[in-house]
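# Reading the structure
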Number of protein chains: 2
Amino acid sequence: MSRRVVVIGGDAAGMTVAAGVRRRLPADDEVIVLERGRWTSYSACGIPYWIAGDVASPDALVARTPEQHRAHGIDVRLGVEAVGIDPGARTVSVAGGDDIAYDRLVIATGAEPVRPDLPGIDGEGIHGVQSLDDGQVILDELERGPARVVVVGSGYIGLEMAEACVARGFDTTVIERAPTVMPIIETPLGEQVAKAMLERGIRLRAGAGVTGFVLDAGGRVAAVRIGEEEVPADLVILGLGVTARSALAKDAGLPLGAKGGIVVDDRQRVTGFPGIWAAGDCVVSRDRLTGDLIHLPLGTHANKQGMVAADSIAADLLGEPPRLTFPGVVQTAITKFCSLEISRTGLGEQQARDAGFDPVVVSIETTTVAGYMPEAGTMTVVMVADRGSRRLLGAQIVGAEDAALRIDVAATALATGLTVDDVVMLDLAYAPPFASVWSPVQVAARAAVKALAG
Amino acid sequence: MSRRVVVIGGDAAGMTVAAGVRRRLPADDEVIVLERGRWTSYSACGIPYWIAGDVASPDALVARTPEQHRAHGIDVRLGVEAVGIDPGARTVSVAGGDDIAYDRLVIATGAEPVRPDLPGIDGEGIHGVQSLDDGQVILDELERGPARVVVVGSGYIGLEMAEACVARGFDTTVIERAPTVMPIIETPLGEQVAKAMLERGIRLRAGAGVTGFVLDAGGRVAAVRIGEEEVPADLVILGLGVTARSALAKDAGLPLGAKGGIVVDDRQRVTGFPGIWAAGDCVVSRDRLTGDLIHLPLGTHANKQGMVAADSIAADLLGEPPRLTFPGVVQTAITKFCSLEISRTGLGEQQARDAGFDPVVVSIETTTVAGYMPEAGTMTVVMVADRGSRRLLGAQIVGAEDAALRIDVAATALATGLTVDDVVMLDLAYAPPFASVWSPVQVAARAAVKALAG
């Protein structure tokens, strides 16, 4: 008897599940994807580069089109918005259409930009950045030539969008509530980023919480309010992070965690709801260091979780043992901003303390390649270790070209529970055009060993 | 009572030991370093960049001068050549001087270029590259303007020297006995390197073993002989690798292993000879994957082994428990050559087979950054995994800028025994200017997982 897998959401997680189950299931089983937009499998992370003009069109950001997916036997239905789930009846209701029955359901509804509940937030010209459609809206706005762009929030997307706007010649201001930019990295590193930002000609208002938006007579944004002050703005880009787009799941009674993320087990099964899986930006993931369930919406996790969910569903339907589990995350992230590369993994000092560790924190300066090479740039590595166990807890890097990707060594070490002593003894690559004889992460680990002894 | 630590050799390993014990021991203990040359703590790996003109002078390659070491209380004696060790009497004899008694001895005599026993090898103008003095000799030769330079051997140093020579405008030929260049990487990767080399204008004679050197009437090299053929050459650079400089150790009856490397335990103690330690290019190191003792002369290992030996000696003399052990190596290496970056770690296919594994080998092509970014370059990753245990055994990368350092993820994974499944699930850094959503090493790991299933 033919079975039907229904996937809600056609981006990274959803299409990975759809493609994965399609490959494993017999041809007479159905795989249906309900996507409310008009794109599938696109790179939302590429939007700032499209806005900046580095990438010519949104098509370039699409890894696989609906037609390509259909050619592989996936029934992709665009412009179809799921509006309800009945886990008992195993049906999904859609706007303006008949209910769709499912045997197995996947929720991959993604995330949506945080829109703070402030006066004027619904004015025209105030946009978040999450989908390709959002990107197109902002691009259209920029083509109208705003005199002043204000970006609210200085996380990755906020900074990347600010740089894209200034690259296109717009007067751009970033407003950040915290004392400096990028609260996700330690303050001294954030200060380096703030400096690079000013050098690039981006205005910065740090330590300033937005209190509302001033709209003109036509209902369009005219300024951003910080306390009594008004910062003029013709276009506002919201970079305040995202929350899980999980209203559907909530309405169906599914369990939600941090930032509305759907709670799933390590096979992406929704806890307590047989027949329902969830993956990607709409779920919470387990932090491998703390065990906490956190909301960490990133394409890398979406892809892996999609693989895991596909394996779990296929195994379930085929009566085979599942092969994959999602082991969780270590909060690795990276970006390039102005003249700097920035990356992090694991826990920052406060996160480590909050998780009950006794953190030792060191910060070192080193060169990107052997110091005597003409192309040597500088970089700062911050490392956090646990005093009792000597385990590596986290690392952060800010530096010149070729600095930030070294975070992957720390990310790999975190996944395996290495101590800072172990990191010192790793056999990492060395040649003068690539590193000093001690790789930057090892320079930091040596400093951590010293700090632990002191 | 004052004790005396004598170190033979003043480069990376020797000076790391000397500095380490000096920091730990009371001021009235003596730390003496016998260095036959005139430099200390220099980067031999930087020599090709000095020859190429990227680095202005050999001074830039010196991390710490003899004067700086002396200022830290180390008795550095330059131009002093140790010629004998008496482990029973605990003395070192030196050329033209009195014997020096020691309480603890460190042998850090480094390595020397392989000079094959071929007709004409002792002619003028045939040079290895190991010390700064060797570098100066070659630089002086190049300043005389040789019409044709021939590099024998295409390992790292051979290729780096060939590129340095061609960068300075010399007609340069590389001769390699194996079918293609860089036998340390898999053949298809070596072929990519060979192609880049030809594009750079370096001549290549692969599959050609040198049978001797033709000397002119003055005893200077005029050609390199390959069978009956003579390849004209005014300067020959030997890039045939190095062997441990361990004649002293051998004469004293110390145990030697591969390529003459002194056999030590994981605290760098010479097996069976209490009171003697050895470290750096003159020892053999344990491969973490196979358990074999191999000769792997690299500055990274020399530094770590020096730290371990210093800790062991200081602990021994102070009656404290030692803290460090050297865990061994995974054969990580990296270089930049012509338009390519090249790196490797772990075992190649044949090495894996020789070690008793059942290797599965995959090769993938991917981009250095997200494929839609304008700066995307291509790279090839070869991965070797063990069929039975699914463990990662090795990886090799050849590609454009920003390709090769990703080998560090594999090197870290090897140190901790990760399977290819584990590698797929690592939380590695992703943003469009740095990688695709699957990092290159993960793209290869996914291919390995697929190959293991097939």
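Just so it is clear, the structure is predicted and the values come from calculations on it, not from any experiment.

Let's shift gears to the overall build of chain A. Within chain A one finds 12 helices and 25 strands. Compactness check: chain A gives a C-alpha radius of gyration of 23 Å against a globular reference of 22 Å for 454 residues, within 12% of the reference. Each principal axis of the C-alpha distribution contributes one length, and for chain A these read about 70 × 60 × 40 Å. Buried positions account for 58% of the 454 residues belonging to chain A. The long-range share in chain A, meaning contacts at least 24 apart out of those at least 6 apart in sequence, stands at 62%. Of the charged side chains in chain A, 41 are positive and 57 negative; the average position of the first set lies 3 Å away from that of the second.

This part takes up the relation of the copies chain A and chain B. If you rotate chain A by 180 degrees and push it 0.0 Å along the axis, it lands on chain B with an RMSD of 0.0 Å. A rotation of that kind, with that shift, is consistent with a two-fold axis. Proximity to the rotation axis, assessed at the C-alpha, singles out A:Val409 in chain A; its C-alpha lies 2.7 Å from the axis.

Once that is clear, we can look at the packing of aromatic side chains. The full count for this structure, using the stated rule, is 0 aromatic pairs over all chains. Lying across the ring of A:Trp438, A:Arg446 places its NZ or CZ 4.3 Å from the centre. Across the ring face of A:Phe434, the terminal group of B:Lys336 is positioned such that the distance to the ring centre comes to 5.3 Å.

Mapped onto this numbering, the UniProt entry annotates "domain: FAD/NAD(P)-binding" (unreviewed entry) at residues 4–286 of chain A. Secondary structure across residues 4–286 of chain A comprises 24% helix and 27% strand; the distance between its end C-alpha atoms is 29 Å.

Residues and elements named next belong to chain B. Of note, the phi angle at Gln 331 is positive, near 65 degrees, even though the residue is not glycine. Of note, Gln 331 is situated in the loop between α8 (299–318) and β21 (333–337). Judged by its relative accessible area of 12%, Gln 331 falls in the buried class. Positive phi outside glycine occurs at Cys 338, with the angle close to 50 degrees. In this structure, Cys 338 sits in the loop between β21 and β22 (340–346). Overall, the relative accessible area of 15% leaves Cys 338 in the buried class.

Another point: the interface of chain A and chain B. Across the contact, 60 residues belong to chain A and 60 residues belong to chain B. Among the residues chain A hides against chain B, the three largest losses belong to A:Met425, A:Asp427 and A:Phe434. Together they make up 16% of the total. Seen at the junction of chain A and chain B, the total is 0 salt bridges. Scanning the region where chain A abuts chain B turns up 14 residue pairs in polar contact (both at pLDDT 80 or more). Where the side of chain A that touches chain B is concerned, the elements lending two or more residues are α8 (299–318), β21 (333–337), α10 (407–415) and α12 (440–453) of chain A. When its residues are assigned to classes, the side of chain A that touches chain B shows 35 nonpolar, 14 polar and 11 charged.

Residue and element names in this part refer to chain B. Inspection of the sheet shows strand β11 (residues 171–176) paired to strand β12 (residues 203–206) by 4 bridges, in the parallel sense. Each residue of the ladder has a partner; that of Glu 176, found in β12, is Ala 206. Handedness of the crossover joining β11 and β12 through helix α6 (residues 187–199) is recorded here as right-handed.

A separate point is helix α1 (residues 12–24) of chain B. Residues and elements named next belong to chain B. Between its first and last C-alpha, α1 extends 18 Å over 13 residues, near the 18 Å set by a 1.5 Å rise per residue. Counting buried positions over the 13 residues of α1 gives 11, a clear majority of the element. Every buried residue belonging to α1 is among Ala 12, Ala 13, Gly 14, Met 15, Thr 16, Val 17, Ala 18, Ala 19, Gly 20, Val 21 and Arg 22, and all of these are buried.

Residues and elements named next belong to chain A. By the bridge criterion, 4 bridges tie strand β13 (residues 212–215) to strand β14 (residues 221–226) in an arrangement that is antiparallel. Each bridged residue has a counterpart across the sheet, and for Val 214 the counterpart in β14 is Ala 223. Remark: 5 residues form the turn of the hairpin made by β13 and β14, two consecutive strands paired antiparallel; Gly 219 in that turn has positive phi of roughly 85 degrees. Alignment of β14 against strand β15 (residues 229–232), held across 4 bridges, turns out to be antiparallel.

To continue, consider the sheet that holds strand β2 (residues 30–35) of chain A. Residues and elements named next belong to chain A. Within the open sheet, the 5 strands sit side by side as β3-β2-β1-β7-β18. Their pairing is parallel. Each of the sheet's edge strands pairs with one partner strand only, and the pair in question is β3 (75–78) and β18 (276–278). Adjacent strand axes in the sheet meet at a mean angle of 20 degrees, parallel and antiparallel pairs treated alike. Bridging between strand β1 (residues 4–8) and β2 involves 5 bridges; their strand directions are parallel. Opposite Val 6, over in β2, you have Ile 32 as the bridge partner. Taken strand by strand, helix α1 (residues 12–24) contacts β1, β2, β3 and β7 (104–107), and its axis lies near 170 degrees from that of β2.

Attention now moves to the packing of α1(B) against α8(B). Residue and element names in this part refer to chain B. Viewed as axis vectors pointing N to C, α1 and α8 meet at an angle of 35 degrees, and their least axial separation amounts to 8 Å. Judged by the sense of rotation from one axis to the other, the crossing of α1 with α8 is right-handed. For the pair α1 and α8, contact is made by Ala 12, Ala 13, Thr 16, Val 17, Gly 20, Val 21 and Arg 24 and by Ala 302, Asn 303, Gly 306, Met 307, Ala 309, Ala 310, Asp 311, Ile 313, Ala 314, Ala 315 and Leu 318, respectively. Of the residues contributing to the contact of α1 with α8, the split by class is 12 nonpolar, 4 polar and 2 charged.

Residue and element names in this part refer to chain A. Along its sequence, chain A is organised into domain 1 (4–111 + 242–318), domain 2 (126–238) and domain 3 (333–453). Once you take the C-alpha centre of each, domain 1 and domain 2 turn out to be 30 Å apart. Across the boundary between the two partners, domain 1 contributes 16 residues, which contact 15 residues of domain 2. Roughly 1,400 Å² is buried in total at the junction of domain 1 and domain 2, and carbon and sulfur atoms are behind 68% of that figure. Contact with domain 2 buries area across many residues of domain 1, yet Pro 48, Trp 50 and Ile 51 alone supply 42% of it, more than any other trio. One can count 1 salt bridge joining domain 1 with domain 2. A salt bridge links Arg 38 to Asp 133; the nearest nitrogen and oxygen atoms lie 3.1 Å apart. One can count 3 residue pairs in polar contact (both at pLDDT 80 or more) joining domain 1 with domain 2. By residue number, the principal contributor to the side of domain 1 that touches domain 2 is helix α2 (residues 47–52), which donates 6 residues.

Look at α10(A) against helix α10 (residues 407–415) of chain B: their axes get within 8 Å of each other, and the N-to-C directions meet at 25 degrees. Classified by the interaxial angle, the pair formed by α10(A) and α10(B) is roughly parallel. Viewed along their axes, α10(A) and α10(B) form a crossing whose handedness is right-handed. Between α10(A), through A:Asp408, A:Val409, A:Thr412 and A:Ala413, and α10(B), the contact on the second element is made entirely by B:Asp408, B:Val409, B:Thr412 and B:Ala413.

Looking at the secondary structure, you find B:Ala167 in helix α5 (residues 156–167). Separated by 114 residues in the primary sequence, B:Ala167 and B:Gly53 have C-alpha atoms spaced 8.7 Å apart.

The rules behind these values
- Residues numbered from 1 in each chain as written.
- Chains lettered and ligands numbered in written order.
- Predicted model: local features only at pLDDT ≥ 70, side-chain atom pairs only at ≥ 80, totals over all residues.
- Heavy atoms only, no water.
- Helix = DSSP H or I, 4+ residues; strand = E, 2+ residues; numbered from the N terminus.
- Rg over C-alpha atoms; globule rule 2.2 N^0.38 Å.
- Buried < 20%, exposed > 50% of the residue type's maximum accessible area, 1.4 Å probe, protein only.
- Contact = heavy atoms within 4.5 Å.
- Lys, Arg positive; Asp, Glu negative; His and termini not counted.
- Charge placed at Lys NZ, Arg CZ, Asp CG, Glu CD.
- Least-squares fit on C-alpha atoms with pLDDT ≥ 70 in both.
- Phe/Tyr/Trp six-rings, centres within 6.5 Å; stacked < 30°, edge-to-face > 60°.
- Lys NZ or Arg CZ within 6 Å of the ring centre and 35° of its normal.
- UniProt positions renumbered as here; feature names shortened; annotations may be inferred.
- Buried area = accessible area lost by both parts, 1.4 Å probe.
- Salt bridge = Lys/Arg side-chain N within 4 Å of Asp/Glu carboxyl O.
- Polar contact = N/O pair within 3.5 Å; in protein donor to acceptor, adjacent residues only side chain to side chain.
- Nonpolar A, V, L, I, M, F, W, Y, C, P; charged D, E, K, R; others polar.
- Pairing = 2+ DSSP bridges.
- Right-handed = clockwise from strand over helix to strand, strands pointing away.
- Expected span 1.5 Å × (residues − 1).
- Axes fitted to C-alpha atoms, helices over the stretch in contact; angles between N-to-C directions.
- Left-handed = near helix turned anticlockwise from the far one by under 90°.
- Domains from an automatic or database assignment.
- Parallel < 35°, antiparallel > 145°, perpendicular 65-115°, else oblique.

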